[in-house]
Amino acid sequence: MRADAVQQLRDVHGPDRVLELLPGLFRLPIPLPRNPLRELNAYLIRGRERSLLIDTGFREPACRQALQAGLRAAGAEHDPLDVLLTHIHTDHTGLASEVVRPGGAIYIGRGDYPFTSRAWEEEYWGRIDQRFLQEGFPPEELRITTGTNPARTLGPDLDLPNYQPLEDGDRLTVGEYTLEVIAAPGHTPGQICLWMADQQVLFTADHVLFDITPNITMWPNLPNALGRYLESLTRIGTYPARLALPGHRHTADLAPRIQALLAHHRRRAAETLAIVRREGGLNAYQVASRMTWDIRADSWADFPLNQKWFATGEALAHLEYLVEEGAVVRALDQEGMARYTAQ
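Residues numbered from 1 in each chain as written. Predicted model: local features only at pLDDT ≥ 70, side-chain atom pairs only at ≥ 80, totals over all residues. Heavy atoms only, no water.

Some remarks on the overall build of the protein chain
Short version of the rule: Here a strand is any run of E in DSSP of at least two residues, a helix any run of H or I of at least four, and the numbering for each starts at the N terminus. Put simply, the radius of gyration uses C-alpha atoms, and a globule should come to 2.2 Å times the residue count raised to 0.38. Classification of residues uses two cut-offs on accessible area relative to the type maximum, computed with a 1.4 Å probe and protein chains only: under 20% is buried, over 50% is exposed, and between them is partly exposed.
Across its full length, the protein chain carries eleven helices and 14 strands. Expected size for 343 residues packed as a compact globule is a radius of gyration near 20 Å; at 20 Å, the protein chain falls within 12% of this value. Taken over the C-alpha atoms alone, the protein chain extends approximately 65 × 40 × 35 Å along its principal axes. Taking all 343 residues of the protein chain together, 55% fall into the buried category.

Spelled out as structure tokens, the structure:
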């Protein structure tokens, strides 16, 4: 392992540096304007016949310009290019349909593959909206988020013939490197990590981030997303990674970070349960308003609406987890709104 490259990756803050971490393996920093994540780590592996780009950035000019500049800096501007999407979120997928080269594949985990159909995506958003309304999200606030949520507005073209699903255990060989697919559902239904056993390098995508906590929300096609995330997190901890390559910001040692994330969600679940015990009969929107959040807002009323949407989804994930654990009961009131009480 190149210790100098690893230390550079730990130290990088700005979006202006392309790093060659190993021979032919590059980190391409992609800025995420107006987004609290700030930056995406895209990765490029140059191959002899085809190269592979891992994640892309939003479908917007700043990301497009940075990605093209990164490909030029890595000498891959004209390479035959396949794209691998670690999960369906638009900060990772937005430019996939633009940068994949003729005859190339767009790989994505099996659990996220249905989202590559526009008809399925539209059905999904309809189900999400109905669920959020049932969980107490105000209709007027939901209407505003529909037009401003990047998950709805900055994604790639769908219904293309070159999307190819990846299964747990699949292997891709690019140049000198072989990548094994690890299904890690939780952050999304089809989140995948990639393991390079010979180099002991693990691409953790958004499954493990090192200075921010991955968002875990509810998914109609992934019951108890938080429970599945915790199971996947424990599995990832069994890989002897010398270098973890996350989807955002910096890297660090994998094992202690996994333990910190497990402890974080134990605390969050305990906080959620305490709220429900203290005030039985709340809906998920009300539970979210009482949880603690690391955000610059004086009160729940001051939260940006998109952040309220994400916070409510995270509260729902913890409530679903507590329901499956038998600690909380979900029931519909006479108006069809979900209410939560402690067992």
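Now that the structure has been shown, the text picks up again.
Re the environment of G247
Just so we agree on the cut-off: Here, two residues are considered to be in contact whenever any of their heavy atoms come within 4.5 Å of each other.
Of note, G247 is situated in the loop between β12 (243–246) and α9 (254–278). With 155 residues separating them in the primary sequence, G247 and H92 have C-alpha atoms 8.3 Å apart. Once residues lying within four places of it in the same chain are set aside, the contact partners of G247 are E39, L40, N41, H92, A205, D206 and L209.

Topic: the pattern of salt bridges
Two side chains bearing opposite charge may form a pair once their charged atoms approach each other closely. Operational definition: Within this document, salt bridges are pairs made up of a side-chain nitrogen of Lys or Arg and a carboxyl oxygen of Asp or Glu, the two lying within 4 Å of each other.
Considering all chains together, one arrives at 20 salt bridges under this definition. A salt bridge links E121 to R118; the nearest nitrogen and oxygen atoms lie 3.8 Å apart. With a gap of three residues between them, E121 and R118 both fall in helix α5 (residues 118–134), about one helical turn apart. Using a relative accessible area of 35% as the deciding quantity, one classes R118 as partly exposed. Between K308 and E141 there is a salt bridge; the shortest N-O distance is 3.3 Å. Note that K308 is positioned in helix α11 (residues 305–325) and E141 in helix α6 (residues 139–148), a separation of 167 residues in sequence. What you see here is one network of salt bridges that share partners, running through R131, E135, E320 and R330.

Things to note about the sheet that holds strand β6 (residues 106–109)
For clarity, the cut-off: Pairing between strands requires that DSSP locate at least two bridges from one strand to the other. Angular values range over 0 to 180 degrees, each being the angle between N-to-C directions of two axes fitted as lines to C-alpha atoms, with helices fitted over their stretch in contact.
What the seven strands build is an open sheet, ordered β1-β2-β3-β4-β5-β6-β7; its pairing is mixed. Each having just a single partner strand, β1 (19–22) and β7 (163–166) make up the two edges of the open sheet. The mean inter-strand angle of the sheet, taken between neighbouring strand axes irrespective of direction, is 25°. The pairing of β1 with strand β2 (residues 25–31) spans three bridges and is classified as antiparallel. Residue L22 lies in a different strand from β2, and its bridge partner there is L25. Each of β2, β3 (39–45), β4 (51–54) and β5 (81–85) touches helix α2 (residues 61–73); the most contacted strand, β2, lies at about 160° to it.

Points about the packing of helix α8 (residues 225–236) against α11
The condition that has to hold: Should an angle fall under 35 degrees it is called roughly parallel, over 145 degrees roughly antiparallel, and 65 to 115 degrees roughly perpendicular, with every other angle called oblique. Side-chain classes are defined by residue name, with Ala, Val, Leu, Ile, Met, Phe, Trp, Tyr, Cys and Pro counting as nonpolar, Asp, Glu, Lys and Arg as charged, and the others, Gly among them, as polar.
The N-to-C vectors of α8 and α11 enclose an angle of 85°; their axes lie 7 Å apart at closest approach. Between α8 and α11, the angle falls in the class roughly perpendicular. Contacts between α8 and α11 involve A225, L226, G227, R228 and L230 on the former and, on the latter, A317, H318, E320, Y321 and E324. Among the residues forming the contact of α8 with α11, the class breakdown is five nonpolar, two polar and three charged.

Here we look at the environment of E123
You can see E123 is positioned in helix α5. Take E123: its relative accessible area is 46%, and that puts it in the partly exposed class. For the pair E123 and N221, spaced 98 residues apart in the sequence, the C-alpha separation amounts to 12 Å.

With respect to the packing of aromatic side chains
Any pair of aromatic rings gets described here by the distance separating the centres and the angle formed by the planes. Convention followed: Geometry of aromatic contacts follows a simple scheme: Phe, Tyr and Trp rings, the Trp one being its six-membered ring, pair when their centres are within 6.5 Å, and the pair is stacked under 30 degrees between planes, edge-to-face over 60, tilted otherwise. Working rule: Lys NZ or Arg CZ, within 6 Å of ring centre, within 35 degrees of ring normal, means a charge sits over the ring.
Within this structure, the stated rule accounts for 15 aromatic pairs. Here the aromatic rings of Y43 and F203 are separated by 5.3 Å at their centres, their planes lie at 80°, and the arrangement is edge-to-face. Of the two residues, Y43 sits in strand β3 while F203 sits in strand β11 (residues 201–205), which places them 160 residues apart along the sequence. With respect to class, Y43 is no different from F203; both count as buried. Here the aromatic residues F115, W120, Y124, W125, F132, F137, W219, Y285, W300, F303, W309 and F310 are joined through ring pairs into a cluster of three or more. Here the guanidinium or amino end of R110 rests over the ring plane of Y113, the centre of that ring lying 5.8 Å away. Taking the ring centre of W293 as reference, the NZ or CZ of R268 above it sits at 4.5 Å.

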